[in-house]
Amino acid sequence: MKKVKRQRIFPLGVKLAIIIGFIVLASLGSVTVLNSYFVSKDVRVTAEENNLTLNTRSASSVQSEFNSVRANVLQLLDLVNAVSGGRNSALAKQAEGFFFERNSNIAEIMLLTQYQTQKNLVVYTRLKNNRFYSSNEIDADASDVLLYQIEDSLLRACNGETIVENVSPFFKTGMLSLLLPYRENGLRQCCVIVFSLENIASILGTGSINETFMINDADELLCHPENDRILSGQSMKNHPLVKIMRQENMNNEESRQIVYDFVDNFGKTKKYIGAFQKIGMADISIFTSVSLDVVLEGVYTTRRNNLYLMAIVFFISIIFILSFSRFAISRHLRRLTAAAEEIQKGNFNTEIISALNVRRRDEIGILNKSTQDEQEFLNTFARFTNRGVAKAIARKEIDFEPHLKDVTIFFSDIRGFTAISDGFKNRFGEESPREIIGFLNDYMGRMVNCVTISGGTIDKFEGDAIMAVWGILRDDSLDFEQLPDSDPEKKKYEEVHLRHVKEDAVNAIRGTIAMRYALMEYNKAAEAFTKAHEHEERAKYKPHIRIGCGINTGRATCGIMGSEDKMEYTAIGDSVNFASRTESSNKPCGTDILITEDTYNLLKKDFIRCKENNFTLTQENEINELVVEQIPVEFEVKGKGAQHFYGVVNMPQFDIEAFFKTADKDFVLDADCARAVGKSGPKTLNEMRQLLGIPVPEFETVNLNEEENKIQVKK
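Rules used throughout
- Residues numbered from 1 in each chain as written.
- Predicted model: local features only at pLDDT ≥ 70, side-chain atom pairs only at ≥ 80, totals over all residues.
- Heavy atoms only, no water.
- Pairing = 2+ DSSP bridges.
- Helix = DSSP H or I, 4+ residues; strand = E, 2+ residues; numbered from the N terminus.
- Axes fitted to C-alpha atoms, helices over the stretch in contact; angles between N-to-C directions.
- Contact = heavy atoms within 4.5 Å.
- Expected span 1.5 Å × (residues − 1).
- Buried < 20%, exposed > 50% of the residue type's maximum accessible area, 1.4 Å probe, protein only.
- Arc of directions from axis to C-beta.
- Core = buried A, V, L, I, M, F, W, Y, C linked by side-chain atoms within 4.5 Å.
- Polar contact = N/O pair within 3.5 Å; in protein donor to acceptor, adjacent residues only side chain to side chain.
- 1 Å grid on protein atoms, 1.4 Å probe; cavity = no way out; pocket = protein on both sides within 12 Å on 5 of 7 lines; lining within 4 Å.
- Points joined across faces, edges and corners; volume = space filled by probe spheres on them.

## Here's the deal with the sheet that holds strand 4 (residues 175-184)
Strand order in this open sheet of five strands is 2-1-5-4-3, and the pairing throughout is antiparallel. Taken across any chain shown, the strands that pair with only one partner, and hence form the sheet edges, are strand 2 (122-128) and strand 3 (163-166). For this sheet the average axis-to-axis angle between neighbouring strands, irrespective of direction, equals 20°. Where strand 3 meets strand 4, four bridges bridge the pair, whose relative direction is antiparallel. Paired with Glu165 across the bridge in strand 4 is Ser177. Contacting strand 1 (106-114), strand 3, strand 4 and strand 5 (187-196), helix 5 (residues 151-158) crosses the sheet at an angle of about 125° to strand 5.

Structure (structure tokens):
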């Protein structure tokens, strides 16, 4: 007995994991972690200091700007009141013009007086910078609406408060209103200064990565880098930094550096560093913040660079140690994965499996060999059972429980097969089984190809007979039939189910008509084969044959049947028996393809020109048009009563070349055999009989064997 040498296994995966893991983790992993930690800590401290400094500087500059505006306006008012002739004098007008020329950012100055005898404030003095309004294309009367809207704030200013209001929404551009308490001649007044936000915005917008904004005592936004938020009059009450300042009642003397969480527009929470300062006017607060992600961007970049360095070290280290891994492992694992996926799809004959390297002396070599062994087993299993069923099992698409299904059943049989077998025996003697099987395999291979391409499933072979079913693997439940007729879902399911059943029946007829072409092609090849061997002793030959095909559509029991030792996925029932009996009726009917009345009634309205559709088909159904002729006698079928059979003539729009090319892109059409189908095919049953050499039957003298066929001509 030959000793089988055991293969040595070299676990490459373990070696790779140890070497690569040690290099990466030991050399640069710890350096990256420590560097990121300490550098980010230092950068954060620096960022906090810069943020606080920027906030302080911004607050100081903003306060100086407000003080300058207030001082300049009050100086103008004092000058106007002091000149001879009062506010309407030429000198006062000249001073007003000089003032607006030097303070072009101020749009309007108004003095409003609160008289005890009147409820509302009265405009006492109004100085308007018309050039400002015209150059900025602002309605000069916008301030009238403003006074009405901020009346409460005006009253507060008359009572001694200094207030700043965001009036940008009224003017459609960045504007502020400074409300100052004012006393003149014992009257309770307030001074309203309306001015542009441009100078303050330039002060607060100096930070490159920091965001600075300003609010008033009511937490209304006065200035922000995003101008749309100012124009909309946005409130900042819910801003985390503002809420912290208000809730903690923080003042400038207390800690003004805060780390807080902020949820952005995408719902992502980020950490920010924030600082604030209140200026000494109108309870205005200046806030400056910066995202920690932005601050630490440099750290993150360094970390990424370190990771890149780790990757470089990784590849340099393994290029000498594991240079073969790409070809020896990864590629073969991908092929194994692809092979496994193909098997799961039911593609047992894929070349991917055949190309696997089984000469390797490691785990991959063993897996490759096992996969090829599995392929061989699956192909053998598929041949001995049913390839369609085997694929469905591999895809986990098959239900092993028996079910009732509406299917289309096909039977075919070779005419005079007994005589053909005797001919082989007489010529080849003991070698006849080999010759008969070779002949049958050639014939059946062509027929099975037609069934497979048209979506059918070969059920079984019985000698020279073939049984196939369309729709047996379709998961089409009949549970909807239990629904009440009033349920709208029932009609929807019925329509879908009926469409599937019709598709199966049309596909069955299409596949069977393709068999007519394939049979003519076989007979042509058989004639050439026989001629090529005619001068040999015990010359080989292939017989010229005719077949009969029967098709019936109906309900059958479908499922796994048999025992634990032998099972098959098949269909049984009256509809199956009727299909078999239909096939046996081809000879007396002088046809090669017969369909039952059930199949005819299912398809006639959509695919057969008849009275029911006024001999017209829809454009959608013309591609599947069927030409059939009724057999001019009725048959009494056991259990079915009087029935008509219909001989299939042709499918005029059938593209036989495209049909076969779906399975074999190199298929070449035989023009002579193409006369059997499609546009050049027969138009009547008699044309079909003439083409195939079938004699026209004399139906008056037909005498069917009732015991064999279970049918008889109705007198």
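## Observations concerning helix 16 (residues 417-428)
With twelve residues, helix 16 extends 16 Å from end C-alpha to end C-alpha; this agrees with the ideal 16 Å at 1.5 Å per step. Turning to helix 16, its buried residues number three or more, namely Phe417, Ile420, Ser421, Phe424 and Phe428. Seen along its axis, helix 16 keeps its buried residues to an arc of 100°; they face one direction. Opposite the buried face of helix 16, by more than 90 degrees, sit the exposed residues Thr418, Ala419 and Asn426. Buried-residue contacts for helix 16 involve strand 11 (403-414) and helix 17 (432-453). The first or second residue beyond helix 16 is Gly429, which carries a positive phi of 60°.

## Things to note about the environment of Lys640
Examined against the element boundaries, Lys640 turns out to sit in the loop between strand 18 (635-637) and strand 19 (641-643). The sequence separation of Lys640 and Phe578 amounts to 62 residues, and the corresponding C-alpha distance is 8.9 Å. Once residues lying within four places of it in the same chain are set aside, the contact partners of Lys640 are Phe578 and Asp598.

## Here's the deal with the nonpolar core
Counting residues in each nonpolar core, the largest one holds 73 residues, and the members touching the most others are Ile414, Phe439, Tyr443, Ile509, Leu603 and Ile631. In terms of residues, this core owes the most to one element, helix 18 (residues 488-532), which gives 14 residues. For Phe439, the contacting residues outside a window of four places in its chain are Ile414, Phe417, Ile420, Phe424, Tyr522, Pro543 and Ile545. Core analysis: the next-biggest nonpolar cluster, separate from the first, contains 50 residues, Ala59, Ile106, Cys191 and Leu222 among them.

## Considerations on the environment of Asn613
For Asn613, the location among the structural elements is in the loop between helix 21 (597-607) and strand 17 (627-630). Owing to a relative accessible area of 10%, Asn613 belongs among the buried residues under this scheme. When residues no more than four places from it in sequence are discounted, the contact partners of Asn613 are Lys604, Lys605 and Ile608. Here Cys610 takes part through its backbone nitrogen, which lies 3.0 Å from a polar atom of the side chain of Asn613.

## Digging into the sheet that holds strand 7 (residues 221-223)
Pairing in this open sheet of five strands is antiparallel, and the strands run 7-6-10-9-8 from one edge to the other. Taken across any chain shown, the strands that pair with only one partner, and hence form the sheet edges, are strand 7 and strand 8 (257-263). Ignoring strand direction, the axes of neighbouring strands in this sheet form an average angle of 40°. Pairing of strand 9 (residues 269-278) with strand 10 (residues 285-291), which is carried by seven bridges, proceeds in the antiparallel orientation. Residue pairing in the sheet places Ile273 in a bridge with Val290 of strand 10.

## Comments concerning the layout of surface pockets
A volume near 490 Å³ is recorded for the second largest pocket. Residue lining of the second largest pocket: 29 residues in total, with His544, Ile545, Arg546, Leu692 and Ile694 positioned closest to the centre. Taken together, the elements giving at least two residues each to the lining of the second largest pocket come down to helix 18, strand 14 (547-562), helix 20 (586-589) and helix 23 (685-692). Of all the elements, helix 18 adds the most residues to the lining of the second largest pocket, at eight residues.

## Digging into the side chain of Ser575
If you trace the backbone, Ser575 turns up in helix 19 (residues 574-584). When sequence neighbours within four positions are dropped, the list of residues in contact with Ser575 reads Ile409, Asn552, Gly554, Arg555 and Ala556.

## A word on unusual backbone geometry
Even without being a glycine, Glu137 presents a positive backbone phi close to 55°. Judged by relative accessible area, which is 75%, Glu137 ranks as exposed. One non-glycine residue, Asn614, lies in the positive phi region at around 55°. With respect to the helices and strands, Asn614 occurs in the loop between helix 21 and strand 17.

## Thoughts on the pairing of strand 9
On any regular strand, side chains alternate: one points to one face of the sheet, the next to the other face. Burial within strand 9 is extensive, with seven of its ten residues counted as buried. Between the antiparallel neighbours strand 8 and strand 9 lie five residues, among them Gly267 with a positive phi of about 80°. Count of turn residues in the strand 9/strand 10 antiparallel hairpin: six residues, of which Ala282 carries a positive phi of about 60°.

No statement about biological role is implied by the geometric values presented.
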